[in-house]
Amino acid sequence: MRFLKKISKSDKSFFFMAPAIAWQICFFFLPLLFVVQLSFCSDLFQNVSLEYFAQVIKTSHFFVIFRSLLLASITASCCLLIGYPVAYYVALCAPARMKSKLMFLIVLPFLTNLLVQVYAWFFILEKHGVLNKFLNFVGIDVGHLLNSQFAMYLVMFHVYLPFIIMPLYSTLEKINIRLIESSLDLGASYFQTFCRVVLPLSLHGIKTGFFLVYVTSFGEYVIPSLIAGQKKYFVGTLISEYFFIGKDWHVGAAFTCLSSATFIVSILIWQVALHRLVDRLQRA
Amino acid sequence: MFHSINFSKTMLAVFVASVYIFLYTPIMVLVLYSFNQGGFPDAWQGFSLHWYQDLFQSEEIWRAFLNSVIVACVSSFLSVSMSILLVHGVRHYKRNVVPLFYVNALIPDIVLAVGMLSLFSYLTVPLGLTTLIAGHTLLGLGFSMPIIKGRYDELDKSLIEASLDLGASMRYTFIHVIVPFLYPAILVAFLLSIIISFDDFLISFFCSGSSVQTLSLYIFSMIRSGISPVVNALSTLLLIGSCFMLFIMMMLQRNLFRD
């Protein structure tokens, strides 16, 4: 109590900050701590053992983490490769009056319910869907498009593309177009201008967008469970299976911790890799 | 040389156009089927609004919609007002605590959802609207905090000093100087939090329990059980809703940058 009194006398602003910080601690840091606790202890913060981790490693579920890392990496790289030219065009090439309209069309899917977007793909990919009808018309029979890895990657790419275009656009838009013009005037080729002027200036946007996609697609639950079918597990689907169907929360929590740890390491690796890549291109 | 500039620019434009077509084809097909007379696998059978009629008569959807609205409004209100208070309180602080809230974007939602579920069930909090609101408020904090902080940093601090010098109390200054200045950012953050809460699936999936259903959960269960054009009608209305919200947000943002 004395502690509180001391704070309130010296500093009223503490009370302004208290609700948000308390909320953040109660519903963000405490749950995370709880998961860690659950994975190590059989009772609340007691009986520490590595038994649950051993159980996770024993099962082949360990490979699920790598599958999810692959999924996140491929999705984020594809989105970057396709999203960059789009952001570049909208930010630097499109006529000024078109810019806000084009960006409107990019942000709209981002703000649309994910389920609606996934649902929309059913009409394209179903057995009687638009794509199959078209392919049959042309004379190609591909059978079931839904419930395949290809379909899942396609939908992932579709859903996460706007995520990467938005931050890329906001950094590319700030680049002074004179810099590009003067680089070209001074005799650099397009490729050189891109590598040495545009790319380094947009590195911040690349990183923000890439990791935005990477983080959200790693734990993705909806798309794998609805599009990829029940055959293959991903981190998101497996965790929810542990918690809803298996009811083995300790092992589930251990798996969650293990995948999060691997995930954080992979983020660091990607960070270094992206820097290296941009560096190398800059010297090219 | 000039020929090649034009050529590459045209190629880029064609590429961008095809990406836009890719982005919008599924959504267009979805909207089209909501106006179709027949069910899904059938071809086009003529224009009709009867799926919308079914939608408005479905009690289950309305209940889910009402739940989503309640959760979205309450959690957005909470997260935005807490962000304003924090941003205002942090101004005299030596240590900046705002980055504390940026961590939220680094943790996959599923980990957070699992954590909340296990914490709630350990404390035997009954899952329902309250737990949903708690989770969505946290999501909203992560989005509204940077927006409001960004606007607050643009505020000329001498305005506050002037107001205090002229005899206004801190509370009066807060209500009549700071909040009006933050107003466009507050509105943007509020709308964004509402949309985020409406669109959220994972937190709702884990924290809602079996009794409460939100719109996202309803659509999820509908997709699992097969395609129904009623969901198309619902999706079309949701799309129009996000269009409208985004339009307002962009207008506000434009005003933000003007002054």
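Definitions and cut-offs
Residues numbered from 1 in each chain as written. Chains lettered and ligands numbered in written order. Predicted model: local features only at pLDDT ≥ 70, side-chain atom pairs only at ≥ 80, totals over all residues. Heavy atoms only, no water. Helix = DSSP H or I, 4+ residues; strand = E, 2+ residues; numbered from the N terminus. Rg over C-alpha atoms; globule rule 2.2 N^0.38 Å. Buried < 20%, exposed > 50% of the residue type's maximum accessible area, 1.4 Å probe, protein only. Contact = heavy atoms within 4.5 Å. Areas by Shrake-Rupley, 256 points an atom, 1.4 Å probe, with all protein chains shown as cover. Lys, Arg positive; Asp, Glu negative; His and termini not counted. Charge placed at Lys NZ, Arg CZ, Asp CG, Glu CD. Phe/Tyr/Trp six-rings, centres within 6.5 Å; stacked < 30°, edge-to-face > 60°. Lys NZ or Arg CZ within 6 Å of the ring centre and 35° of its normal. Buried area = accessible area lost by both parts, 1.4 Å probe. Salt bridge = Lys/Arg side-chain N within 4 Å of Asp/Glu carboxyl O. Polar contact = N/O pair within 3.5 Å; in protein donor to acceptor, adjacent residues only side chain to side chain. pLDDT = per-residue confidence, 0-100. 1 Å grid on protein atoms, 1.4 Å probe; cavity = no way out; pocket = protein on both sides within 12 Å on 5 of 7 lines; lining within 4 Å. Points joined across faces, edges and corners; volume = space filled by probe spheres on them. Nonpolar A, V, L, I, M, F, W, Y, C, P; charged D, E, K, R; others polar. Axes fitted to C-alpha atoms, helices over the stretch in contact; angles between N-to-C directions. Parallel < 35°, antiparallel > 145°, perpendicular 65-115°, else oblique. Left-handed = near helix turned anticlockwise from the far one by under 90°.

Engineer: Could you give an account of the overall build of chain A, with specific residues and numbers?
Structural biologist: What chain A contains, in helices and strands, is 14 helices and two strands. For 284 residues, the compact-globule estimate of 2.2 N^0.38 gives 19 Å, and the C-alpha radius of gyration of chain A, at 24 Å, exceeds that figure by more than 25%. Burial analysis of chain A (284 residues in total) assigns 51% to the buried set. Put simply, of all contacts in chain A between residues at least 6 apart along the chain, 73% involve residues at least 24 apart. Summing over all exposed atoms, chain A offers an accessible surface of approximately 13800 Å²; the carbon and sulfur share of this is 68%. The centroid of the 22 positive side-chain charges in chain A is displaced by 8 Å from the centroid of its 12 negative side-chain charges.

Engineer: So what's going on with the packing of aromatic side chains? Which residues, and what values?
Structural biologist: All chains considered together, the criterion is met by 36 aromatic pairs over all chains. Between Tyr-214 of chain A and Phe-263 of chain A the ring centres are 5.4 Å apart and the planes differ by 15°, which places this aromatic pair in the stacked class. Of this pair, Tyr-214 of chain A sits in helix 11 (residues 203-218) while Phe-263 of chain A is found in helix 14 (residues 249-283), placing the two residues 49 residues apart along the sequence. According to the relative accessible area criterion, Tyr-214 of chain A is buried, its value standing at 1%. Using a relative accessible area of 1% as the deciding quantity, one classes Phe-263 of chain A as buried. By way of ring pairs, the aromatic residues Phe-210, Phe-211, Tyr-214, Phe-218, Phe-263 and Trp-270 of chain A are connected into one cluster. When the ring centre of Phe-181 of chain B is taken as origin, the NZ or CZ atom of Arg-151 of chain B, which lies over that ring, is 4.1 Å away.

Engineer: Now, about unusual backbone geometry: what can you tell me, with residues and values included?
Structural biologist: Residue and element names in this part refer to chain B. One non-glycine residue with positive phi stands out, namely Thr-124, at about 50°. Following the sequence through the fold, Thr-124 ends up in the loop between helix 4 (109-122) and helix 5 (129-154). Overall, Thr-124 belongs to the exposed group, its relative accessible area being 64%.

Engineer: Outline the interface of chain A and chain B, listing residues and values.
Structural biologist: Taken together, the 78 residues of chain A in the interface contact 82 residues of chain B. Of the roughly 7500 Å² buried between chain A and chain B, counting both surfaces, carbon and sulfur atoms make up 82%. On the chain A side of the contact with chain B, Trp-23, Leu-111 and Tyr-119 of chain A bury the most area, a combined 10% of that side's loss. Applying the counting rule to chain A against chain B returns zero salt bridges. The interface formed by chain A and chain B contains nine residue pairs in polar contact (both at pLDDT 80 or more). Take the side of chain A that touches chain B: its biggest share by element is 19 residues, from helix 2 (residues 13-40) of chain A.

Engineer: Report on the confidence of the model for chain B, specifying residues and quantitative values.
Structural biologist: Detailed reading of the predicted model is not advised wherever pLDDT is low. On average, residues of chain B carry a pLDDT of 86, and 94% of them reach 70 or more. For this predicted complex, the interface score ipTM comes out at 0.86, alongside a pTM of 0.87.

Engineer: Describe in detail the layout of surface pockets, supporting the description with residues and values.
Structural biologist: Quantified by volume, the second largest pocket comes out at close to 1100 Å³. Around the second largest pocket, the lining comprises 35 residues; the ones closest to its centre are Tyr-88, Tyr-190, Phe-194 and Val-198 of chain A together with Leu-12 of chain B. Tallying contributions element by element places helix 4 (residues 62-93) of chain A first for the lining of the second largest pocket, with eight residues. Classifying every residue of the lining of the second largest pocket gives 26 nonpolar, six polar and three charged.

Engineer: Go over the pattern of salt bridges, please, and point to the residues and values.
Structural biologist: Residue and element names in this part refer to chain B. Under the criterion given, the structure shown has three salt bridges over all chains. A salt bridge links Glu-59 to Arg-63; its shortest N-O distance comes to 3.5 Å. You can see Glu-59 and its partner Arg-63 sitting in helix 3 (residues 59-89), four residues apart, about one turn around the helix. Each member of the pair, Glu-59 together with Arg-63, is exposed. Notably, a salt bridge pairs Arg-151 with Glu-154, separated by 3.5 Å at the nearest N-O pair.

Engineer: Help me get a handle on the packing of helix 13 (residues 235-246) of chain A against helix 14 of chain A, residues and values and all.
Structural biologist: Residue and element names in this part refer to chain A. Two numbers describe how helix 13 lies on helix 14: the axes approach to 8 Å, and their chain directions differ by 160°. In terms of orientation, helix 13 lies roughly antiparallel with respect to helix 14. The two elements helix 13 and helix 14 meet at a crossing, and its hand is left-handed. Contacts between helix 13 and helix 14 pair Val-235, Leu-238, Ile-239, Tyr-242 and Phe-243 from the former with Trp-249, Val-251, Gly-252, Ala-253, Phe-255, Thr-256 and Ser-259 from the latter. Residues of the contact of helix 13 with helix 14, tallied by class, amount to nine nonpolar, three polar and no charged.

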